[in-house]
Amino acid sequence: MRVNAGTIGSVIELRAPRIGQVHSVFNRAVNLKIGDELWTVTDHGGHDAAFTVRLSGAVLPGDLGVRSHDPVHVRSRHIRAGAVVIDTRTAVRWMPRRYDVDLSGLSVRVAELEAAARHVAWAGSWPLADAVVGALASSCRGDLDDAVRRTTGRGPGLTPSGDDVLVGVLGVLTAPGVSARCEPLAARLRTALAPALATTNEISRALLRQASNGQVSRPVWELTSAVLSGSAAASFTQARADVLSTGATSGGDTCAGLVAACQLLSRPLEWISE
Amino acid sequence: MKTLFAEDLNVINVGLQGFADNVAAAGGTVTQLSWAPPVGANAELGRTLAGLVGNPMVEDANAQAYARYLAAQPRLVDLVLARDAIAGLGGGERRILHSGPPIGWDDMCGPQRGAITGAILYEGWADSLESAEQLAGSGSIALDPCHEHGAVGPMAGIISPSMPVWVVENTEHGNRTYCNLNEGLGKVLRFGANSPEVLDKLRWLGTEFFTVIQAAVRRLEDADLKPLMAQALHMGDELHNRNAAASGLLFKRLTLALLGSDVDRGAMERALRFVAFNDHFFLNISMAANKSMSDAAHGVPGSSMVTVMSRNGVNFGIRLSGTGGQWFQAPANPVDGLYFPGYSVEDAAPDLGDSAITETNGLGGFAMAASPAIVQFVGGTPADATANSRRMLSITLGANPAFTLPALNFGGTPAGIDAVLVADSGVLPIINTGIAHKEAGIGQIGAGITTAPMQCFSDAIAALAATLPHETGDAS
Amino acid sequence: MSTTSRYYPNLYKDSVSLMTVSAEIMSLKGIEAASVVMASATNIDNLREAGLGPFEVRPNDLLVAISGTEEACEEALSEADDLLTHTASAGDVEAAAAQPVTSIHMALAEDPSHNFVLVSVPGDYAAAEGMKALRLGMDVMLFSDNVTVADELWLKEYARDHDLMVMGPDCGTAIVNGVPLGFANVVRRGPIGVVGASGTGTQEVTVRVHQNGSGISQALGTGGRDLHDEIGGISMLHGLAALDADPATSVIVLVSKPPSAAVAAAVLGAAEASPKPVVVIFLGADPSTITRDGVHGAASLAQAADMAVALAKGEEPRSGDIAVSNEMHRRLTDAAHGMAASQRFVRGVFSGGTFCAEAQLVHAAAGITAYSNVPTTGNHALKRITLSEENTIIDMGEDEFTQGRPHPMIDPSLRDARIRQEAEDPATAVVLFDVELGYGSSLDPVAGLLGVIGTARAAAKAAGRTVVFIGYVCGTDQDPQSRKDIVAALKAAHVLVASSNAEAAAWSATVIAERGKATS
């Protein structure tokens, strides 16, 4: 069976020869483990991210007939997974949209986002988000390690709610335009995260690693940019809706992290230091 | 670590069969190629070709061109006189457009000369056949390819200033394309007929019919062409030689538009009757829509995507997205087909017309799987039709998800011909075509399948390679 | 005598098919000469020089040119037509059912798990196919020869920049992931990796490793010109690096003729830097100039294999000259004493180029110079390759012997005929030869030879001469041929069968040295 991909992720490399295995199969996503990377094949309506392959046409990844542990071969922009060939020759690479940060009115947008996300997120996400952000603000290493340990792998969902919170936090800390002042915080969070990664599942771990590198999915990128750049109301509303509709609580949990992390931005500059 | 050492060996054997047999006997996996030297066994050009295969610059350019092609949304926006739409026909200079790549009057085939003569009479630039021919041969009338003016025309493909042309706009990018009206079957200008009956019909098409249909087009509720064409593909059309379903769908839309208008009742009836009884009426709109999609893909530096395939009854010509206005021409290949009773290959004109723009976009012969009826007409079986569509997948960049073929499990039609793949594989684009009598005015004498000549693609890739920055260490 | 020709536009057939057709029509009575070729510029030139032509053809046309009696020509043309077009239409029927795969890209697009391309098309086109393979992310083995230096560099520089390997051009032997490619033997997998610039050299090393109980992880070819200055050893260096990084390889063997000083320095430098022990056989170079830290110079192909096996077991590798056992020495000198006075010379008739070179070197080390069509340093070029002079050791796999003919490893009949010719020469004391087994080689490599040996031996005896036949069978018991049976048959024909090519040459040198004493 042959299918075509219309869009590929921002970082994924499909030219050089790679081998791997099918990691997991879902209705709208098939995950491939390629070396240290986790690639996701999504249907046409799925979300772009760093390592995604988004199919064109109506076919669902779950209907491709691949199974876990099927061998995967990548060569010259073709992927073979099990008996399926995915042709990415004409796929366009999604690149996260550049934007200018404009924090005026940030608190208003954050409040709107929080209100919309309050009943979508898992209830336990909010205190976790506050704990992580509070620990970052306190610059006490032990607090941060604790908070991260208590958050990683915690809560319901294929991607545990705690992990989604961390993605939301990292999305803000690594956003272009704020990363200059937030990079020290991001670095501390990465360090605290490293040993905790083993406590969560492989899929979520891959997403956390990507988020640490500033690589979030398209909806999260768009929402973060909408919050941080004061873009037009329509795109903020759309971006918010896209994130909140992800998973059961996943999107809401990400928003909890995003909201909490924005508090760091509204504090006075000299406080944010090593 | 070499990836190779961690995989099972899977060999492609290019050459002596014995090597493949031995690999298999030794328990290995191997694919034997049916290989022949590419590009006419020209070794030097073969090296150039090798530099284009898997070339990141070309691949990225192709992805860009293909994305523009996919995104195109052709919409039927108007029907106007050619002089009011096409700049080259609106000025003071006398100009007539013809199908195919550039060609001089002296070299033109019979049907095309007959049609040009007829057009000169239609325009009133001469008053007899002899003086019209003389005028045509004198050089005082510019004779240009339709394609060079954003237009297309079937068979002789003649467009003169006073003829109505469909205006199709790609709403995604804004580019516009044009095509003349389909006169129906029998003795018609596009087959080179230029008798008084032919001219009379042209005059009616250019006046009364024009008025009615222009009103209809301007009042169309649903003028988007891709969905209409996609639906027609599911109803047995391939939108080159079989257009009955699409013509029917268009008829519905035009009629609805006219019902609310205040067009003269008698004129409307004559016009609609004409459309209803012309099963190829949509062809000309299909051609303009197709051109608008491939025009969107044209002009991407480094892209080997074919954006024009066209014939003038002598030569076959192509253009690539990355080589601008350059034509790559070669004598047209013979047509393998069936002839109407009383006619044979000796009577046939070489392949003629801009209608290969449909194949250029993945329709026509590429969508043959959609049209078992046409396959019989061209002398094949439905299995042949599906096989033909599948084979075209090996020379295209992708499959167009907007045009799905039920016989291919609703897979998209093969789209985006890659000249590099054609040159490398030896698989030639396949075209469903009508066969015209080589003498002007007799008309269609058969139908069949032909292929685009390899020479065009050889020349095209050589030219494309010359536009790319030289890589270090090239052997040439 | 008349000449006739026919051409088939755009019909392509590979070299084996062309040779088969031409052999068929050549066998017809009344046919003088027949050429069935692709109408490339070179082939047209050759035909013109043979007095045929001119022809109105293009390079992708297939040309049949025949001379002979008029009726024979007619018949031959019709026969050729049958053979050429009959198979074409059968292919078409199949093609209609399943799309034929006509290009590397098409094969890869259908199945991206393809990871290797083996190219054996004519040299004019081979480099382009190789480049396509590389650009599509696959390693390449170019069996084809007649590829220019410029093209080889073009391929190998691209490969180097993309971490891929070009094996070749003119690479006849490889074993990748345990699969024999080209002319290669079936050997067990094991910890020894080989990178070789010579086909039969690689065969000898891999076979010997197997016979010593060890095995081969990878045997990578580099092509015969890789270690020339213009190429600089790009493939050998890549192969060495790949084996350095391969967890399944613990010892590496490099096989070649001696490279130029600059290339040798680069290769030996890389070998020294390798974390794994490296055995190097540069045939004809003094091993002591090679041996350095972690790098072990060998004196022969077989010795290189033995050293690698020892190193893989963690033992010290032994070096030194090839030993001829006391018992064998006695047998050989006895045989030498029993010869007629005219018998003084060795006639080495080889199919493997590297075996021919090694044999010359072994004789030279014993003070015995020889003539050859590919003389090693200090030896002399044969004036006429069809007529041996004094000591003569020839490679019948070289181009001058194989024009329009299959390689002797595939079809040994010319080799057999030459051996008969040598055995009939009163000056011949020793006939020395090699037999290659494995994939690609004839499945019955000694059938004709056994007859030749029997007849020649009897004829010599009748003339009062005793010729010593010494042979070496390069193969394993897992090869498609039955090595056991072949060795037994040779021994039954009183051929002295050595355990390595170097040993066979050493035995021959012993006899010739003894003859030298007897006749001086």
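Because the structure is predicted, anything quoted here is derived from the model rather than measured. (Residues numbered from 1 in each chain as written. Chains lettered and ligands numbered in written order. Predicted model: local features only at pLDDT ≥ 70, side-chain atom pairs only at ≥ 80, totals over all residues. Heavy atoms only, no water.)

**Thoughts on helix H7 (residues 218-229) of chain A**
All names here are of chain A.
Right, so step 1: The terminal C-alpha atoms of H7, which comprises 12 residues, lie 16 Å apart, in line with the 16 Å expected from a rise of 1.5 Å per residue.
Right, so step 2: For H7, the complete set of buried residues consists of Pro219, Val220, Trp221, Leu223, Thr224, Ser225, Ala226, Val227, Leu228 and Ser229.
Right, so step 3: Buried positions along H7 lie against helix H1 (106-117), helix H4 (161-173), helix H8 (233-244) and helix H9 (250-265).
Right, so step 4: Phi for Gly230, located one or two positions after H7, is positive at around 60°. (Helix = DSSP H or I, 4+ residues; strand = E, 2+ residues; numbered from the N terminus. Expected span 1.5 Å × (residues − 1). Buried < 20%, exposed > 50% of the residue type's maximum accessible area, 1.4 Å probe, protein only. Contact = heavy atoms within 4.5 Å.)

**Let's talk about the pairing of strand S19 (residues 468-474) of chain C**
Residues and elements named next belong to chain C.
Right, so step 1: Judged by how many residues are buried, S19 sits mostly within the fold: seven of seven residues are covered.
Right, so step 2: Side chains Val468, Ile470, Tyr472 and Cys474 of S19 all project onto a buried face; the interleaved residues Phe469, Gly471 and Val473 project onto the opposite face, where all are buried too.
Right, so step 3: Where strand S18 (residues 428-436) and S19 come together, seven bridges link them in parallel fashion. Its bridge partner lying in S19, Phe433 is registered against Gly471.
Right, so step 4: In this fold, S18 hands off to helix H15 (residues 447-462), which returns the chain to S19; that crossover is right-handed.
Right, so step 5: By the bridge criterion, three bridges tie S19 to strand S20 (residues 496-498) in an arrangement that is parallel. Across the sheet, residue Ile470 finds its bridge partner in S20, namely Leu496.
Right, so step 6: Running through helix H16 (residues 483-492), the crossover from S19 to the neighbouring parallel element S20 is right-handed. (Pairing = 2+ DSSP bridges. Right-handed = clockwise from strand over helix to strand, strands pointing away.)

**Overview of the state of the cysteines**
By definition, a disulfide links the sulfur atoms of two cysteines through a covalent bond.
Residue and element names in this part refer to chain A.
Right, so step 1: One pass over the full model with this rule turns up zero disulfides over all chains.
Right, so step 2: With no disulfide partner, Cys255 has as its closest neighbouring cysteine sulfur the one in Cys262, 10 Å distant.
Right, so step 3: Of the residues examined, Cys255 reaches a relative accessible area of 1% and is grouped as buried.
Right, so step 4: You can see Cys262 has no disulfide; the closest cysteine sulfur is in Cys182, sitting 9.5 Å from it. (Disulfide = S-S within 2.5 Å.)

**A short note on the pattern of salt bridges**
Right, so step 1: Following the criterion strictly, the structure yields 48 salt bridges over all chains and no others.
Right, so step 2: Arg18 of chain A is the salt-bridge partner of Glu37 of chain A, the closest N and O atoms lying 3.4 Å from each other. Taken together, the residues Glu37 of chain A in strand S4 (residues 37-42) and Arg18 of chain A in strand S2 (residues 18-25) connect sequence positions 19 residues apart.
Right, so step 3: Glu37 of chain A sits in the partly exposed class, given a relative accessible area of 25%.
Right, so step 4: Residue Arg77 of chain A is joined to Glu59 of chain B by a salt bridge in which the shortest nitrogen-to-oxygen separation is 3.1 Å. Residue Arg77 of chain A is located in the loop between strand S6 (71-75) and strand S7 (78-81), and its partner Glu59 of chain B is located in helix H4 (residues 56-71); the two belong to separate chains.
Right, so step 5: Linked by salt bridges that have partners in common, Arg15 and Arg77 of chain A together with Glu59 and Asp60 of chain B make up one network. (Salt bridge = Lys/Arg side-chain N within 4 Å of Asp/Glu carboxyl O.)

This is a description of form; function is not addressed.
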